[in-house]
Amino acid sequence: MKKPNTLHAAASVAACKMTRFILRKTGRGGTAIPGIVGLKVSRNILSAVSSGMKIIVVTGTNGKTTTCNMIEHALTSAGHDCLLNKSGANLLHGIASDLICSADWKGKAQHEYAVLECDEAALKQVVPYIRPKAIVVTNLFSDQVDRYGGVQNTLKEIRTGVERSPGSVLVLNAEDPVSASLAIDVPNKVVWYGLNETVGTQGQVDLADAGKCPKCGSDYTYDFHIYAQLGGFRCPQCGYKRHDPDVAVTSITEKSASGSVVHMRPGKKAEDQEVRIALPAVYNIYNAAASVAAILALKLPAKEAVDALSTARASFGRLEAFDLQGNRLQMILVKNPAGCNQAFTYITGLGEDFSAVLCLNNRTGDGHDISWIETTDYEKLVSDPHLKKLYVGGDKAEDLYARLQKAGASEETTELFTDYKALVEKLKEEQNPVFLLPNYTAMMELRDALSPDTGSRDFWE
Ligand SMILES: [Zn+2]
């Protein structure tokens, strides 16, 4: 891509920075608008501001934000200077805002590394400009069906992005047959990460999402299964199968609300070692392995990533903990069956009494199609004897309530609410830990209602 001349670059950076400054002064996050303004002034500004920076892009359905945070934490803990697009604005203009504003006034990059969360469909728009060193794909599950038209379409979008970035090392989940197929017929180097079969099966294999063997079109069989379509897949016809992971989790020795202890082999020739991951749930073990693989893709020592995992912090809405008058609240953003089922596995696996808040909106930020609640395993949640109280809210509360009743939720313990402030008052009287499970825009409303009592951060901080 052609670089803009210095004058153009400086004008674009100035316009972008000024716009963001004004938006923040007036109390708005202003995540996409500065990027739109910056790109209007100079179409090629992204090449200029990312030149000289080593960039890691993270895409996929679930775990993008947490994986980005883990990679950034690993890099900064090892003393590297790193930019992270914290706001979660992961479309072209949001990424442009963060990159352009991070440059100096002449349009020169000021960071050594950048870790960028990128929407699946936006990947192909950004990679030609920013030429990432590594592209991490966390997994591909059915998500926001109305936006992408199914998981195979999302895969096509990402593949186009990969094809436009042949120099990037791919960091891929060995157990996801969908995203693993990105390694076929491309010149890119690949670093694989995975959980071995010792981790154990959690629920039914989702063959509908697994798709067909990309080589011969047959259905897969599984040697072992972890969750959704993740596991030891194999084609019985042509022999195409899961790659042996470079970064492998070989066992899980401890699981609790504050984290996991696992054994990990951080590289094909590395020694197995005990690793503490400061974030709970199996899906965060995947994110942790992905972050170690990303560090290897940058040709940095795995030790830098492994050591940092013990001090990783929950990001915005991803198992983020709040204190409400001495009681523990934990927020888990849920937006598709795979993520939601994994949240239920985590919560019910703790074996302690709890209450839960489920909120469902269907606004633009969430996807208008809420049919995914039909295939989500709410039965697992409502049949848990430790569940004491269930609060149900959001624009589509009634649909969700009906779904929960179908799953067997009792009328005595399930309560519909319409007012978030009133909900917070009720939560103050809760004796048990509370899990908050909203989708995206509902999470924003819930946070606003909670913030006077919990002092939560603004999302761009
Ligand atoms: Zn095959």
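Remember, predicted model here, so these are calculated numbers, not experimental data.

Engineer: Can you walk me through helix α4 (residues 64–77) in this structure?
Structural biologist: Along an α-helix, residues three or four apart share an orientation, since each turn contains 3.6 residues. Counted at 1.5 Å a residue, the expected span for α4 with its 14 residues is 20 Å, and the 20 Å between its end C-alpha atoms agrees. With respect to burial, α4 is a largely interior element, ten of its 14 residues being buried. Looking at α4, one finds that the buried residues are K64, T65, T66, T67, C68, M70, I71, E72, A74 and L75. Positive backbone phi, approximately 90°, marks G79, located one or two places after α4.

Engineer: Looking at this structure, how should I read the coordination of the zinc ion?
Structural biologist: Angles between donor atoms at a metal ideally measure 109.5 degrees for a four-coordinate tetrahedral arrangement and either 90 or 180 degrees for a six-coordinate octahedral one. Those protein atoms acting as donors to the zinc ion are C213 (SG), C216 (SG), C235 (SG) and C238 (SG), and they sit at 2.2 to 2.3 Å. Note that the zinc ion binds four donor atoms; their angles at the metal cover 98 to 117°, and the shape is tetrahedral. Positions of the donor residues of the zinc ion along the chain correspond to the pattern C-x2-C-x18-C-x2-C. On the basis of relative accessible area, C216 is assigned to the partly exposed category, the value being 38%.

Engineer: Explain the side chain of N90 to me, please; I cannot follow it from the model alone.
Structural biologist: Mapped onto the elements, N90 comes out in the loop between β2 (82–84) and α5 (92–102). A distance of 2.9 Å separates the side chain of N90 from the side chain of E117, its partner in a polar contact.

Engineer: What exactly am I supposed to notice about the pattern of salt bridges here?
Structural biologist: When their charged atoms lie close together, side chains carrying opposite charge are able to pair. As enumerated under the stated definition, the model contains 21 salt bridges in all. Put simply, E157 and K124 hold a salt bridge, and the shortest N to O gap is 2.4 Å. Taken as a pair, E157 in helix α8 (residues 151–163) and K124 in helix α6 (residues 123–130) lie far apart in primary sequence, 33 residues in all. In this structure, the salt-bridge partner of D453 is K428, at a minimum N-O distance of 3.2 Å. Of the two residues, D453 sits in helix α17 (residues 440–454) while K428 sits in helix α16 (residues 420–428), which places them 25 residues apart along the sequence. One network of salt bridges, in which partners are shared, links R363, D395 and E445.

Engineer: Hey, could you run me through the packing of aromatic side chains in this one?
Structural biologist: Aromatic rings considered in pairs are described by the distance between their centres and by the relative angle of their planes. One pass over the structure, following the stated rule, counts eight aromatic pairs. Between the aromatic rings of F233 and Y240, the centroid separation amounts to 6.2 Å while the plane-to-plane angle is 45°, which identifies the pairing as tilted. Residue F233 is classed as buried on the basis of its relative accessible area, which comes to 2%. The exposure class assigned to Y240 is buried, which follows from its relative accessible area of 12%. Each ring, one from F344 and one from Y378, has its centre 5.6 Å from the other, and the planes form 55°; the classification is tilted. Of this pair, F344 sits in helix α13 (residues 337–349) while Y378 sits in helix α14 (residues 378–382), and the two are 34 residues apart along the sequence. By relative accessible area, F344 is classed as buried at 0%. Among the aromatic residues, those joined into a cluster by ring pairs are F141, Y227 and Y286.

Engineer: Teacher, can you tell me more about the packing of α6 against α8 here?
Structural biologist: Think of two packed helices as two axes; the pair is described by the angle between the axes and how far apart they sit. Contact pair α6 / α8: the axes reach a minimum separation of 8 Å and the direction vectors enclose 10°. The angle between α6 and α8 falls in the class roughly parallel. Packed against α6, whose contacting residues are L123, K124 and V127, the element α8 presents E157, I158, T160, G161 and V162 at the interface. Here the residues of the contact of α6 with α8 sort into four nonpolar, two polar and two charged.

Cut-offs and rules
- Residues numbered from 1 in each chain as written.
- Predicted model: local features only at pLDDT ≥ 70, side-chain atom pairs only at ≥ 80, totals over all residues.
- Heavy atoms only, no water.
- Helix = DSSP H or I, 4+ residues; strand = E, 2+ residues; numbered from the N terminus.
- Expected span 1.5 Å × (residues − 1).
- Buried < 20%, exposed > 50% of the residue type's maximum accessible area, 1.4 Å probe, protein only.
- Donors = N, O, S within 2.8 Å, 3.2 Å for Na, K, Ca; no water.
- Tetrahedral: all angles 85-135°; square planar, octahedral: opposite > 155°, others 65-115°.
- Polar contact = N/O pair within 3.5 Å; in protein donor to acceptor, adjacent residues only side chain to side chain.
- Salt bridge = Lys/Arg side-chain N within 4 Å of Asp/Glu carboxyl O.
- Phe/Tyr/Trp six-rings, centres within 6.5 Å; stacked < 30°, edge-to-face > 60°.
- Axes fitted to C-alpha atoms, helices over the stretch in contact; angles between N-to-C directions.
- Parallel < 35°, antiparallel > 145°, perpendicular 65-115°, else oblique.
- Contact = heavy atoms within 4.5 Å.
- Nonpolar A, V, L, I, M, F, W, Y, C, P; charged D, E, K, R; others polar.

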